[in-house]
Amino acid sequence: MKLTPEQVVFYNENGYLKIEKYFSDEEIEKLYSEFPNTIEKNSDRIILEDNGSIRSVFAPHFVSEVYNKLSRLERLVIPSEQLIESKVYLHQYKINTKKGFKGDWWEWHQDFPYWHIDDGISKPELVTIMLYLQDTDASNGALLLVPKSHKEGIAKFGKKDVLDEENKDKNEKTETKNYLSSLNSNIKFTVDQECVRDLATKNGIVTASGKKGTVLFFHSNIFHASNINLTPFDRDAILITYNSIHNIPGNTENPRPNFLVGRNYDPIEILEKDI
Ligand code: SIN
Ligand code: MN
């Protein structure tokens, strides 16, 4: 399955591309029913919200053949190769579960700064595919995007609020693992609010709503965010990031764990059949 030239132009121009009905209801059902098998108790791969609800499950393909197959599906890999203009390998894979009543926000950020600074990847030649497991709209925390912001390079970082002494203590005790500061609801590299305001005023904000089975391709430098989920309806989504095989991580002082940074740089082996 290939993207049309018009779809590629749209992505290059806007930094994202949404396609509805990319997966059938039966396929979504299969992925959804397999989801509990990806959750190992007390595993570092599972990231919790402050309220104890699951925020993200990283590397579901480590434990699930269905999820492993999904990441190799022709339908995902070929369009990614078209958008990146290179063979690709799997860089990061997660399921974000923005649970009804409990799911927390993602502040405005770009993904590339994490991969550049923390993982030593030089160029923003990565694409993420977000696959919706439920109907998703503004009310239950759909992704918000600023079109064309992927052309800005790495934008100025937002200034994080200074923690008061009491919270700082608490934070230091609970956050023994450095990498958590990229994954919880207080992520470390946000986009400066003035930059978001300027560009959103010029280009608007797109709410990436879609029924279950929709996919959203988005560029590693696009400004994006999502709201808390106050509805009773879960907003689970699978996010798969592919990187160019010519853009692999360099040496960094504190390499992040393998469940966050793919280290098999061979071009992904494509699965033609379905999951
Ligand atoms: C992300 O920015 O990585 C995901 C945001 C979301 O799940 O809403
Ligand atoms: Mn992100």
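The following refers to the structure shown. (Residues numbered from 1 in each chain as written. Chains lettered and ligands numbered in written order. Predicted model: local features only at pLDDT ≥ 70, side-chain atom pairs only at ≥ 80, totals over all residues. Heavy atoms only, no water.)

### Observations regarding the site of ligand 1
For clarity, the threshold we go by: Neighbouring residues are identified by heavy atoms, a residue being near a molecule or strand if any of them is within 4 Å of it. Under the rule applied, a polar contact is a pair of N or O atoms within 3.5 Å (in protein, one hydrogen donor and one hydrogen acceptor; residues adjacent in sequence only if both atoms are side-chain atoms). Here the accessible surface of atoms and residues is derived via Shrake-Rupley with a 1.4 Å probe, and residues count as covered only by protein chains that are part of the display. In this description a helix means any DSSP run of H or I spanning at least four residues, a strand means any run of E spanning at least two, and both kinds are numbered starting from the N terminus. Polar here means any residue other than Ala, Val, Leu, Ile, Met, Phe, Trp, Tyr, Cys and Pro, which are nonpolar, and Asp, Glu, Lys and Arg, which are charged; Gly is therefore polar.
All residues adjacent to ligand 1 are Lys94, Asn96, Trp106, His109, Leu143, His224, Ser226 and Arg235. Contacts to ligand 1 include His109, whose side-chain N or O atom sits 3.0 Å from an oxygen atom. Ser226 places a polar side-chain atom, nitrogen or oxygen, 2.6 Å from an oxygen atom of ligand 1. Notes on ligand 1: free accessible area 260 Å², of which the protein chains cover 98%. Breaking the shell around ligand 1 down by element, the ones donating at least two residues are strand 4 (88-98), strand 5 (106-109) and strand 10 (224-226). Residue composition of the shell around ligand 1, grouped by class: two nonpolar, four polar and two charged.

### Regarding the pairing of strand 4
The side chains of a regular strand alternate between both faces of the sheet. Put simply, the test is: A simple rule labels every residue: compare its accessible area, found with a 1.4 Å probe on the protein chains alone, to the largest value its type can have, and call it buried under 20%, exposed over 50%, or partly exposed in between. Two strands qualify as a pair provided DSSP detects at least 2 bridges between them.
Counting buried positions along strand 4 gives 11 out of 11 residues, so the element sits mostly inside the fold. Pairing between strand 4 and strand 11 (residues 235-244): 10 bridges, direction antiparallel. Within strand 11, the position partnered with Lys98 by the bridge is Arg235.

### Looking at the sheet that holds strand 11
The pairing of strands in a sheet happens through backbone hydrogen bonds and is either parallel or antiparallel. Basically, it comes down to this: Note on definitions: angles span 0 to 180 degrees between N-to-C directions of axes, and those axes are lines fitted to C-alpha atoms, for helices only across the stretch in contact. Contacts were defined at the residue level, with two residues in contact if any of their heavy atoms lie within 4.5 Å.
Strand order in the open sheet formed by seven strands is 1-9-6-11-4-3-2, with antiparallel pairing between adjacent strands. Where the open sheet ends on each side, the last strands, each with one partner, are strand 1 (16-19) and strand 2 (46-48). Adjacent strand axes in the sheet meet at a mean angle of 15 degrees when their direction is disregarded. Where strand 1 meets strand 9 (residues 215-219), four bridges bridge the pair, whose relative direction is antiparallel. Residue Leu17 lies in a different strand from strand 9, and its bridge partner there is Phe217. Set on the sheet, helix 1 (residues 5-14) makes contact with strand 1, strand 6 (126-132) and strand 9; between it and strand 1 the angle comes to about 135 degrees.

### Quick look at the pattern of salt bridges
Note the threshold: Just to be clear on terms, a salt bridge is a Lys or Arg side-chain nitrogen sitting within 4 Å of an Asp or Glu carboxyl oxygen.
As enumerated under the stated definition, the model contains 14 salt bridges in all. For the salt bridge of Glu49 with Arg55, the shortest nitrogen-to-oxygen distance reads 3.1 Å. Looking at Glu49, the relative accessible area reads 6%, which means it is buried. Take Arg55: its relative accessible area is 2%, and that puts it in the buried class. Each of Glu27, Arg75 and Asp274 takes part in a single network of salt bridges with overlapping partners.

### Topic: the side chain of Lys98
Put simply, the rule reads: For the purpose of charge, His is not counted, nor are the chain termini; Lys and Arg are scored as positive and Asp and Glu as negative.
Position of Lys98 among the secondary structure elements: in strand 4. Within the buried set, Lys98 has no salt-bridge partner at all; the shortest N-O distance to an opposite charge, 6.5 Å, is to Glu49. Engagement of the side chain of Lys98 in a polar contact is seen with the side chain of Ser226, the distance being 2.9 Å. Polar side-chain contacts of Lys98 include one of 2.8 Å to the backbone oxygen of Asn227. When neighbours within four sequence positions are excluded, Lys98 is seen to be in contact with Gly103, Asp104, Trp105, Trp106, Asn140, Gly141, Ser226, Asn227, Asn229, Asp234, Arg235 and Asp236.

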